[in-house]
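# Breakdown of the fold
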Amino acid sequence: MKKSVLKSLFIVTLGVLSFSSVYAEERVVATVDSIPVLESQVRAAMGKKGNHQVALNKVIDDILVQKAIKESGVKVNPREIDFIVEDIAARNGLTYGQFLDALDYQGISLNAFRQQIANQMMMSGVRNHAINNSVQVTREEIDALGQKMLNEARANGTEQKVTGKEYEVRHILLKLNPLLNDAQAKAELNQIRADIISCKTTFADAALKYSKDYLSGANGGSLGYAFPETYVGSFAKAVQTTKQGSISAPFKSEFGWHILEVTGTRDGDRTEDAYRQKAYEKIVNSQLQEATKDWIKALRKTADIQYFNQ
């Protein structure tokens, strides 16, 4: 009886030790965007004489690559592979049949060769996607570098002046609501426009009376001088396509329905904007060059990697 109990305890103890060993092996040593990295994965990558940190980095990189493949949504068109196979044969002076014979002679099946091409095409797409996504630029960085470049140019006497057309604009805005739909807003603006053109009212009076842009409405609808890019797309387009002194047809923006009048134009100084653009291009190109050297490293820039005590 005593022997039996001891034997049972021995078996239980072995079981506990075995469970503890597995549990220790499955310890989470890091996370990659909340994906756990297990100690067992690292040991498998490390082998018998490998370096733990190198193996850990390899597992993390593998997770990042698989995640990038999934997120990129890159798909390979089988017809594109056909074209590539045919092109490879032609560039080697072979007919399609001769090319198949050459593959067979090397012990490579056509399906395996096509799969190699598909993998290369997919990884190329994933690589480009990862490189582009690695670019991170803030407005503060652009402003700081742009101002620095402009100051240096002025100090060196190499400043390049840039001008652009500014437009003086006034407008009337009607905002949609449960009692005013698109058709009604457009019709009302058409009537207001007709009344202004026929001199039944002035633009300034109509803006004060009807415009829901109360700040400009109180000033006759005036928005002052500005570059077109200051405005949202449809408004900017209307500014650039409306002849000075005429009133635009009603058009819609994300804010509601408008009519506008261009009351003046002038050349504005865009030098600072130009140097900001140069700064933006310099930052982006620098990041792209760095990411191109090592696109796996670029993946790490946007990943949340957490390490736990070894």
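The text that follows walks through the structure, step by step, so that each part is easy to find. The shown structure was predicted, so the numbers you read here are calculated from the model rather than taken from an experiment. Per chain, residues are indexed from 1 in the order of the written sequence. With pLDDT at 70 or above as the cut-off, local features in this predicted model cover only qualifying residues; side-chain atom pairs require 80 or more to be listed or tallied, and sums for whole chains, interfaces and linings still use all residues. Working from all heavy atoms in the structure, the side-chain values ignore hydrogens and water.

## Observations regarding the sheet that holds strand 4 (residues 222-226)
Note the following rule: Any two strands with at least two DSSP bridges between them are considered paired. In DSSP terms, a helix is any run of H or I states spanning at least four residues, a strand is any run of E spanning at least two, and both are numbered starting from the N terminus. Between the N-to-C directions of two axes lies an angle of 0 to 180 degrees, each axis being a line fitted to C-alpha atoms and, for a helix, fitted only over the stretch in contact.
Spatially, 4 strands are ordered 4-3-6-5 in an open sheet, and the strand pairing comes out antiparallel. Edge positions in the open sheet fall to strand 4 and strand 5 (251-253), since each of these has one partner strand only. Going from strand to strand, the sheet's axes swing by 40 degrees on average, the running direction of each strand aside.

## Considering the packing of helix 2 (residues 39-46) against helix 3 (residues 52-72)
To keep it simple, the criterion reads: Each angle receives one of four descriptions, namely roughly parallel if under 35 degrees, roughly antiparallel if over 145, roughly perpendicular if within 65 to 115, and oblique otherwise. Should the near helix be turned counterclockwise from the far one by less than a right angle, the crossing is left-handed, whereas a clockwise turn marks it as right-handed. Contacts between residues were defined by any pair of non-hydrogen atoms, one from each residue, lying within 4.5 Å. In this classification, the charged set is Asp, Glu, Lys and Arg, the nonpolar set is Ala, Val, Leu, Ile, Met, Phe, Trp, Tyr, Cys and Pro, and all remaining amino acids, among them Gly, are polar.
With their axes 8 Å apart at the nearest point, helix 2 and helix 3 run at an angle of 110 degrees to one another. Relative to helix 3, the element helix 2 is oriented roughly perpendicular. The handedness of the crossing between helix 2 and helix 3 comes out as right-handed. In this structure, helix 2 contributes Glu39, Gln41, Val42, Ala45 and Met46 to the contact, and helix 3 contributes His52, Ala55, Leu56 and Val59. For the contact of helix 2 with helix 3, a count of residues per class yields 6 nonpolar, 2 polar and 1 charged.

## Regarding the sheet that holds strand 7 (residues 305-307)
On the basis of which strands lie adjacent, the open sheet formed by 3 strands has the order 2-1-7 and antiparallel pairing. The outermost strands of the open sheet, each flanked by one partner alone, are strand 2 (35-38) and strand 7. Recorded for the sheet is a direction-independent mean angle of 25 degrees between the axes of neighbouring strands. Inspection of the sheet shows strand 1 (residues 28-32) paired to strand 2 by 4 bridges, in the antiparallel sense. When the bridges of strand 2 are listed, Thr31 appears paired with Pro36. Strands strand 1 and strand 2 of the sheet are contacted by helix 2, whose axis makes an angle of about 55 degrees with strand 2. Contacts between helix 3 and the sheet are confined to strand 1, strand 2 and strand 7, with strand 2 contributing the most and set at about 150 degrees to the helix.

## Some details on the environment of Met122
What counts, and what does not: Throughout, exposure labels follow a simple rule: accessible area from a 1.4 Å probe, protein chains only, divided by the maximum for the residue type, with under 20% read as buried, over 50% as exposed, and the rest as partly exposed.
Relative to the helices and strands, Met122 is located in helix 6 (residues 110-133). Judged by its relative accessible area of 22%, Met122 is partly exposed. Spatially, the C-alpha atom of Met122 lies 6.4 Å from that of Val76, the residues being 46 residues apart in sequence. Apart from residues no more than four positions distant in its own chain, Met122 is found in contact with Ile69, Val74 and Val76.

## Let's talk about the pattern of salt bridges
For the record, the criterion: Within this document, salt bridges are pairs made up of a side-chain nitrogen of Lys or Arg and a carboxyl oxygen of Asp or Glu, the two lying within 4 Å of each other.
Going through the model one piece at a time under the given rule, you end up with 20 salt bridges. Across the pair Glu39 and Arg27 runs a salt bridge, and its minimum N-O distance is 3.9 Å. Residue Glu39 is found in helix 2, and its partner Arg27 is found in the loop between helix 1 (2-25) and strand 1; the two are separated by 12 residues along the sequence. Look at Glu39 and you get buried, because its relative accessible area is 3%. The class for Arg27 is partly exposed, based on a relative accessible area of 34%. Here Asp87 and Arg91 are joined by a salt bridge, their closest N and O atoms 2.8 Å apart. Remark: Arg91 and Asp87 occur in helix 4 (residues 78-91); sequence separation between them is 4 residues, near one turn of the helix. Beyond isolated ion pairs, a larger network of salt bridges with shared partners links Arg139, Asp143, Glu229, Arg270, Glu272, Asp273 and Arg276.

## Description of the environment of Asn177
Convention followed: For the purposes of these results, a polar contact is taken to be a pair of N or O atoms within 3.5 Å, where, inside protein, one atom must be able to donate a hydrogen and its partner to accept one; residues adjacent in sequence count only when each atom of the pair is a side-chain atom.
One can find Asn177 in the loop between strand 3 (163-174) and helix 8 (182-197). Here Asn177 falls in the partly exposed class, since its relative accessible area comes to 39%. Between the C-alpha atoms of Asn177 and Gly256, which are 79 residues apart in sequence, the distance is 9.7 Å. Side-chain polar atoms of Asn177 contact the backbone nitrogen of Leu179, separated by 2.7 Å. Side-chain polar atoms of Asn177 contact the backbone nitrogen of Leu180, separated by 2.9 Å.

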